[in-house]
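One letter stands for each residue in the lines below.
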Amino acid sequence: MNIHALQQIVHQTRDARRKQTFPRLSPGDRDQLIHKYHPDYRASAYRPLRFGPNEGEKTVVELATLLEGDSPIDHRIDLIPHHQADVLVIGGGGAGCAAALHAQEAGAKVILATKLRLGDSNSVMAQGGMQVSVAPEDSPVTHFLDTLKGGHMENDHHLLKVMVEEGPSIAKWLIDLGVLFDRQADGNLHVKKGGGSSKPRLLTCSDYTGLEIMRVLKDEVINRKIQLLEFCAAVELLGDGDGTCTGAVLKDLDNQQYVVVAAKSVIVATGGIGRLHIQGFPTSNHYGATGDGLCLCYRIGAKLSHIDTFQYHPSGAVYPEQLVGALVTEGIRSEGGHLVNAKGERFVNELDTRDVVSSSIIRECEEGRGIRTMSGRVGVWLDTPLLDMEHGPGTVEKHFPAMVRQFERFGIDISKEPVLIYPTLHYQNGGVKIDTNSETEVNNLFVAGEASGGLHGRNRLMGNSLLDLMVFGKRAGLTAAARAGSMKQGKLTLKHLERFRAEAKKHGDLSGVVSPMILPAYTRKVG
Amino acid sequence: MTQNDDNLIDQPEVLKPRMVTIEISGKQYTVPEGITVIKAMWYAGQEVVRGVGCLGGFCGACATYYRTKDDPKVKTCLACQTAVQDGMSFTMMPPFPARKAIYDIRTLQDPKQDLFNLYPEAPLCRNCNACTEACPQKIDVREGVWKAVFGDFQSVSDMFMDCVMCGMCTPVCIADIAPNLVALYVSRAQGAHFTEKPAGLETRIKEIKEGRFDDEWNRILSMNGQELTELCAKVK
Ligand SMILES: Cc1cc2nc3c(=O)[nH]c(=O)nc-3n(C[C@H](O)[C@H](O)[C@H](O)COP(=O)(O)OP(=O)(O)OC[C@H]3O[C@@H](n4cnc5c(N)ncnc54)[C@H](O)[C@@H]3O)c2cc1C
Ligand code: SF4
Ligand code: SF4
Ligand code: FES
């Protein structure tokens, strides 16, 4: 059927739905729903790791293969450094920029190496906002409790307390650098309500929050003359052979040469894993989200945490085909957008946590109440025109310009037509285990941002990631810089790699897979 | 999966993709109609490293020039957000060596005057409008440059919130202005110098520093798992 004909049911049922309220699920019902439908509970997608710091623990097959994968580097090569730094930051997203800026400001010599251009990252795409408890009726404690509840009570309390308490001063730092957060008429920060949060707490820059923050941070990195190595992907860390990280080997993607960097501390800020397309899911992530940092840290001996749980964002675009996987911001639901099945019914409280909402969409589709596209995809409606009706004409256009533009390019006016959505692979809930200074179990190896784990428990709350990046990027940067003065550069060896290879060999033949992946293999083999 | 066929969107072009002929950097390829420009490059067997970033229309890495069949007009687009059509011809834009001014935004004394020291070319705009026509985000770039020069920093920061820094407005400028970099400076100055500091934020920072929440923290952090779960369940 024509898409417009199918959309009619959304228009026809809108008035009736507006009168309805949909309660949040009780904890018991929630668990039941998630266990039945959430991809995290699909046992066949998982396998235990055979060796390494997390031996015996389960993760998805796609990641397990890479974690156990082999390095592209020969461990006997000469390690003569091309560059030397107090702090080497790997990754040019939000966490990497925050780390580099703070380390530099504290007096360290910083090198920032990144796989694509500075800022090409997941951070630049964040639309929904950043959670900071600034409203008078809100508090860091409430922020803590909301996050804990969203994370299924598995969040690391120490990390979480640090994040919520440092949120307000991070917001101030960004404002002083010129980030233009939306304001109320009285000049105070405007706060929006996000899924799973009990109080409005999202700071936004219309629906360009990540872009605005990244434009400013990138500009600042350049203004401070921090040494940049763009199109340089880290492929192996270096250690002294005794549990301390001392640098990294990068691969220059322009000329395929290896670049050795000696550093007193290394901060890994390589972001997420969406481009592994776990369980075949499309993804909202950037081109370089291939979990490289996890592989590097795992090989040198850092333990990972919560690597069995991933976030499938409830609203990834399903139609048009060109936008498949692209994020439809949660902001639409925050502002009252309904989720509607093929029968014109709502089926979940749209502001419940992401795992609950995603599970319920999967349920609707598996039970035959989804809408299918000819390319074999299935989804449910997100009633975007409802926003203009609730809050006045022009609301969608005004609050979601990025999304309007995205769909407009394909002839879809989202203020008049609902959009078709299905969960998309969005975020890695876990990552490398860190302490409150962002340091891993390997000395002088720090991990900040999406690549780290523990803070978000089993499910990250909307808007907490941007805050995580800024807070732990800062802590990693400051701690690493503070150490540099009283420290000598350690030896550069690949002993850990030799040990890792020996271990791999004991567990039977190597899979032949080389990691990190660096970029997904999308190029069609022609001929 | 039980599915009612009534709920099926017709998309014949997807089911049986029509193949179309396009030109990538002057070379012909046959690719399925309607896929994005970037996907067309992958389909044609090309490795793309420079030229892809977010794949979501936000980073500006994929700035591309294209022309459609029989139309002399060369247009601009973001390759990750544009579908290919028959007869289309495109080339990715190489990085352009525009000059970015270096400044410390926090210590500027007179940001509106400083604009002319940092970007002395900004007032030399000759009104050709090429920048506006080049912008894939449909920003009125020319107007923005004039507003910057006239000191209307507020309007510039509003207008350029959509700017993905693709840089397509710079190579076309006959006055050697990099409008996006001018706008970035202006927007940052607007945020750092001409926007009221939010009083509520300062209050909250002070409250945290002075330990206003310490009792609550102590109570919560001494709870056992069960108590904490019950408390969380009550937060509404
Ligand atoms: C579409 C989208 C919308 C989102 N919306 C929000 C939101 O509204 N609010 C919120 O809080 N969170 C949001 N998130 C989540 C949040 O944006 C990310 O979790 C966060 O930006 C990750 O930041 P990061 O710095 O850790 O990683 P990234 O920003 O992804 O940066 C990682 C960087 O490391 C580089 N890199 C990767 N591997 C290597 C390597 N081997 N060597 C060198 N460099 C490497 C990458 O190229 C990239 O530059 C969103 C995410 C997406 C994808
Ligand atoms: S203003 Fe310039 S850099 Fe910004 S989006 Fe438009 S063309 Fe690209
Ligand atoms: S391209 Fe340059 S000269 Fe022409 S209108 Fe834009 S800023 Fe002015
Ligand atoms: S790849 Fe980022 S805008 Fe196209």
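Caption draft 1: Inspection of the overall build of chain B at higher detail. Summing up its helical and strand segments, chain B has 10 helices and six strands in all. Compactness check: chain B gives a C-alpha radius of gyration of 26 Å against a globular reference of 18 Å for 236 residues, more than 25% above the reference. Each principal axis of the C-alpha atoms in chain B carries an extent, and together these give about 70 × 65 × 35 Å. Taken over 236 residues, chain B has a buried fraction of 52%. Considering only contacts in chain B between residues 6 or more positions apart, those separated by 24 or more positions represent 55%. Taking the average place of the 26 positive charges on the side chains of chain B and the average place of its 30 negative ones, the gap between the two points comes to 3 Å.

Caption draft 2: Local environment of the site of ligand 3. The environment of ligand 3 is made up of C125(B), R126(B), N127(B), C128(B), N129(B), C131(B), R142(B), C173(B), I174(B) and I177(B). Each residue belonging to the shell around ligand 3 can be placed in one class, and the counts come to six nonpolar, two polar and two charged.

Caption draft 3: Local environment of the domain arrangement of chain A. All names here are of chain A. Segmentation of chain A into domains returns domain 1 (3-37 + 311-425) and domain 2 (83-309 + 429-495). Each of domain 1 and domain 2 was reduced to a C-alpha centroid, and the two centroids are 30 Å apart. Facing 30 residues of domain 1, the contacting portion of domain 2 comprises 29 residues. A combined buried area of about 2300 Å² lies between domain 1 and domain 2, and 51% of that area is made up of carbon and sulfur atoms. Joining domain 1 to domain 2, the criterion identifies zero salt bridges.

Caption draft 4: Up close: the site of ligand 2. Around ligand 2, 13 residues are found, and the nearest of them are C135(B), C163(B), C166(B), G167(B) and C169(B). Considering only residue class, the shell around ligand 2 consists of 10 nonpolar, three polar and no charged.

Caption draft 5: Region of the structure containing the sheet that holds strand 5 (residues 75-78) of chain B. All names here are of chain B. Taken together, the five strands give an open sheet; going across it, the order is 3-2-6-4-5, and neighbouring strands pair in mixed fashion. Both edges of this open sheet fall to strand 3 (27-32) and strand 5, since each of them pairs with a single strand only. Averaged over neighbouring strand pairs, the angle between their axes works out to 35 degrees when direction is ignored.

Caption draft 6: Quick look at the interface of chain A and chain B. Taken together, the contact between chain A and chain B spans 98 residues of the former and 82 residues of the latter. Contact between chain A and chain B buries roughly 7900 Å² in total, counting both sides, with carbon and sulfur atoms accounting for 59%. For the pair chain A and chain B, the number of links is nine salt bridges. Elements supplying a minimum of two residues to the side of chain A that touches chain B: helix 1 (3-18), helix 5 (140-150), helix 6 (157-176), helix 7 (209-223), helix 10 (354-366), strand 14 (371-373) and helix 13 (401-408) of chain A. Top element by residues in the side of chain A that touches chain B is helix 6 of chain A. It accounts for 11 residues. In terms of residue class, the side of chain A that touches chain B is made up of 45 nonpolar, 23 polar and 30 charged.

Caption draft 7: The sheet that holds strand 19 (residues 452-453) of chain A, seen in detail. All names here are of chain A. Read from one edge of the open sheet, three strands run 11-17-19, paired in mixed fashion. The open sheet has two edge strands with one neighbour each: strand 11 (304-305) and strand 19. The pairing of strand 17 (residues 431-433) with strand 19 spans two bridges and is classified as parallel. Residue pairing in the sheet places K433 in a bridge with G453 of strand 19.

Caption draft 8: Layout of the packing of aromatic side chains. All names here are of chain A. What the rule picks out here adds up to 11 aromatic pairs over all chains. Arranged with centres 4.6 Å apart and planes meeting at 55 degrees, the rings of F281 and Y312 form a pair that is tilted. Here F281, found in the loop between strand 10 (258-268) and helix 8 (292-299), pairs with Y312, found in strand 12 (residues 310-317); they are 31 residues apart in sequence, far enough to count as distant. Owing to a relative accessible area of 9%, F281 belongs among the buried residues under this scheme. Residues F281 and Y422 carry aromatic rings whose centres are separated by 6.5 Å and whose planes lie at 15 degrees to one another, so their mutual orientation is stacked. With F281 in the loop between strand 10 and helix 8 and Y422 in strand 16 (residues 419-428), the pair connects residues that are 141 residues apart, well separated along the chain.

Reading the values: the criteria
Residues numbered from 1 in each chain as written. Chains lettered and ligands numbered in written order. Predicted model: local features only at pLDDT ≥ 70, side-chain atom pairs only at ≥ 80, totals over all residues. Heavy atoms only, no water. Helix = DSSP H or I, 4+ residues; strand = E, 2+ residues; numbered from the N terminus. Rg over C-alpha atoms; globule rule 2.2 N^0.38 Å. Buried < 20%, exposed > 50% of the residue type's maximum accessible area, 1.4 Å probe, protein only. Contact = heavy atoms within 4.5 Å. Lys, Arg positive; Asp, Glu negative; His and termini not counted. Charge placed at Lys NZ, Arg CZ, Asp CG, Glu CD. Near = heavy atom within 4 Å. Nonpolar A, V, L, I, M, F, W, Y, C, P; charged D, E, K, R; others polar. Domains from an automatic or database assignment. Buried area = accessible area lost by both parts, 1.4 Å probe. Salt bridge = Lys/Arg side-chain N within 4 Å of Asp/Glu carboxyl O. Pairing = 2+ DSSP bridges. Axes fitted to C-alpha atoms, helices over the stretch in contact; angles between N-to-C directions. Phe/Tyr/Trp six-rings, centres within 6.5 Å; stacked < 30°, edge-to-face > 60°.

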